[in-house]
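Observations on the three-dimensional arrangement
The residues making up each chain are set out below.
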Amino acid sequence: VWINVDRLDFAVNAIFTSDGWSPGALHWQMLRTQDPILAVHEIYENGPLLQRAIRLGRWIHLVAVLSKDSGRTRYYVDGQLAQENQLPADARSAPGSGLLGDWLQEAYDPYPKRNLRARIDEFAIWNRALTQAEVVEMTRAGAPSMLTLADRLVPVPAPVDGARFPGGAGRKKRR
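The following paragraphs examine the structure supplied in this document. These numbers come from a predicted model, not from an experiment.

With respect to the packing of aromatic side chains
For the structure shown, the criterion picks out two aromatic pairs. Each ring, one from W28 and one from F123, has its centre 6.5 Å from the other, and the planes form 35°; the classification is tilted. Taken together, the positions of W28 in strand β3 (residues 26-31) and F123 in the loop between β9 (117-122) and α1 (132-142) put the pair 95 residues apart, joining distant regions of the chain. Aromatic rings pair up to connect F16, W28 and F123 into one cluster.

Structure, rendered in structure tokens:
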């Protein structure tokens, strides 16, 4: 997801959540501490929180990868691995239908409000685990010029020499 988070009003703020909390349900959220979490029904993250804080008020590329093959979940922030956790061998993922930026509230939930205060430009769910190289390439391909990535400016390549905007060559000046 390309996301620009304005503020984190609640203890848990939904990025994407499966409807309900049945086996395999997936809840990708952001805590008030600016740490994204990926919870799969009955399986919670057990590793350290992010090593790179998510900054508010700027566009960032967040990727959560759940891989049954490697038995890991991985978080990437602007193309850099920020967190990795071990999954139990019997982990099941079946997100089903869900909501973007909110969740279908369960009556017993101690965190009833999870509305995300953010802008989302792109969101995708893949049917396989992405590699780190793919995550880096997606981050670079989607980054607007002069976007601050990894706390440094990363320039996007300039257009090919001699490239012009469509219709730019040979246009007559208005009088």
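Still to come is the rest of the account.
Topic: unusual backbone geometry
One non-glycine residue, Q34, lies in positive phi territory at about 75°. Residue class for Q34 comes out partly exposed when judged on its relative accessible area of 23%. Even without glycine at this site, D78 takes up a positive phi of about 50°. Along the polypeptide, D78 turns up in the loop between β6 (72-77) and β7 (80-86). D78 gets classed as buried once you look at its relative accessible area, which sits at 6%.

Examining the pattern of salt bridges
Here the structure, examined in full by the defined rule, presents seven salt bridges. Between R72 and E84 there is a salt bridge, and its shortest N-O distance comes to 3.3 Å. A residue pair is termed long-range when its members are at least 10 positions apart, and R72 in strand β6 and E84 in strand β7 qualify at twelve residues. Here E84 falls in the partly exposed class, since its relative accessible area comes to 29%. What you see here is one network of salt bridges that share partners, running through R7, D9 and R117.

Thoughts on the pairing of strand β4 (residues 36-40)
Buried residues dominate β4, accounting for five of its five residues. Here β4 shows no split at all, with P36, L38 and V40 on one side and I37 and A39 on the other all buried. Bridging between β3 and β4 involves five bridges; their strand directions are antiparallel. Looking across to β4, one finds that Q29 is bridged to I37. Counted between consecutive antiparallel strands, the loop separating β3 from β4 contains four residues, among which Q34 sits at a positive phi close to 75°.

What counts and how
Residues numbered from 1 in each chain as written. Predicted model: local features only at pLDDT ≥ 70, side-chain atom pairs only at ≥ 80, totals over all residues. Heavy atoms only, no water. Phe/Tyr/Trp six-rings, centres within 6.5 Å; stacked < 30°, edge-to-face > 60°. Helix = DSSP H or I, 4+ residues; strand = E, 2+ residues; numbered from the N terminus. Buried < 20%, exposed > 50% of the residue type's maximum accessible area, 1.4 Å probe, protein only. Salt bridge = Lys/Arg side-chain N within 4 Å of Asp/Glu carboxyl O. Pairing = 2+ DSSP bridges.

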